[in-house]
Amino acid sequence: MSTLVESRPVPKLRPRRAYRPTTALAQSVEFRGEMMEVSLTDGRIISVPVIWLPLLHEATPKQRERYEIGGGGVSIHWPELDEDISVAGLLAGADLQSA
């Protein structure tokens, strides 16, 4: 038995820039009970359980309040905790525990 494999040219991939959202940008962060709520500039609010974010889960309320919004709203950073979260990851429903 013989198998004939037809070869096809492989298309060249052109480099692309990383996706940078223009409407889904972080505006503020609030903690309500066991949830973290990220308000976006387009009016949406993303809520995730704080337990998904071990460093924030263990942080004090004061430490959680000291965050910075980076990249014009594409990420949130807690310098004291060395914790970074991207808005794109939150919107995609990324498994934050495996990151």
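Right above here is the structure, for reference.
Each chain has its residues counted from 1, running along the sequence as written. Residues qualify for local features only when their pLDDT is at least 70, as the model is predicted, and side-chain atom pairs are given and counted only at 80 or more; totals for whole chains, interfaces and linings, by contrast, use all residues. In computing side-chain properties, one takes all heavy atoms of the structure into account and sets aside hydrogens as well as water.

### Considerations on the packing of aromatic side chains
No. 1: Pairing of aromatic rings covers Phe, Tyr and Trp, the last through its six-membered ring, and needs centres within 6.5 Å; plane angles under 30 degrees mean stacked, over 60 mean edge-to-face, and all others mean tilted. As enumerated under the stated definition, the model contains one aromatic pair in all.
No. 2: Geometrically, the ring pair formed by Y67 and W78 is tilted, given 6.2 Å between the ring centres and 50° between the ring planes. With a gap of eleven residues between them, Y67 in the loop between α2 (61–65) and β4 (68–70) and W78 in strand β5 (residues 75–78) connect regions that are remote in the sequence.
No. 3: Charge-over-ring placement is defined geometrically: NZ (Lys) or CZ (Arg) within 6 Å of the ring centre, and within 35 degrees of the ring normal. One cation-aromatic arrangement involves R64 over F31; the distance from NZ or CZ to the ring centre is 5.1 Å. Helix and strand assignments come from DSSP, with helices taken as H or I runs of at least 4 residues and strands as E runs of at least 2, each series counted from the N terminus.

### Thoughts on unusual backbone geometry
No. 1: With phi around 55°, D82 is a residue other than glycine that occupies positive phi space.
No. 2: Assignment of secondary structure puts D82 in the loop between β5 and β6 (83–86).

### Observations regarding the pairing of strand β1 (residues 26–32)
Remark: a regular strand shows side chains that alternate across the two faces of the sheet.
No. 1: Bridge count between β1 and strand β2 (residues 35–40): six bridges; the pairing is antiparallel. Within β2, the residue paired with A26 across the bridge is L40.
No. 2: From the end of β1 to the start of β2, which pair antiparallel, there are two residues, and G33 there has a positive phi angle of about 60°. Between any two strands, at least two bridges found by DSSP are needed for them to pair.

By themselves these figures say nothing about function.
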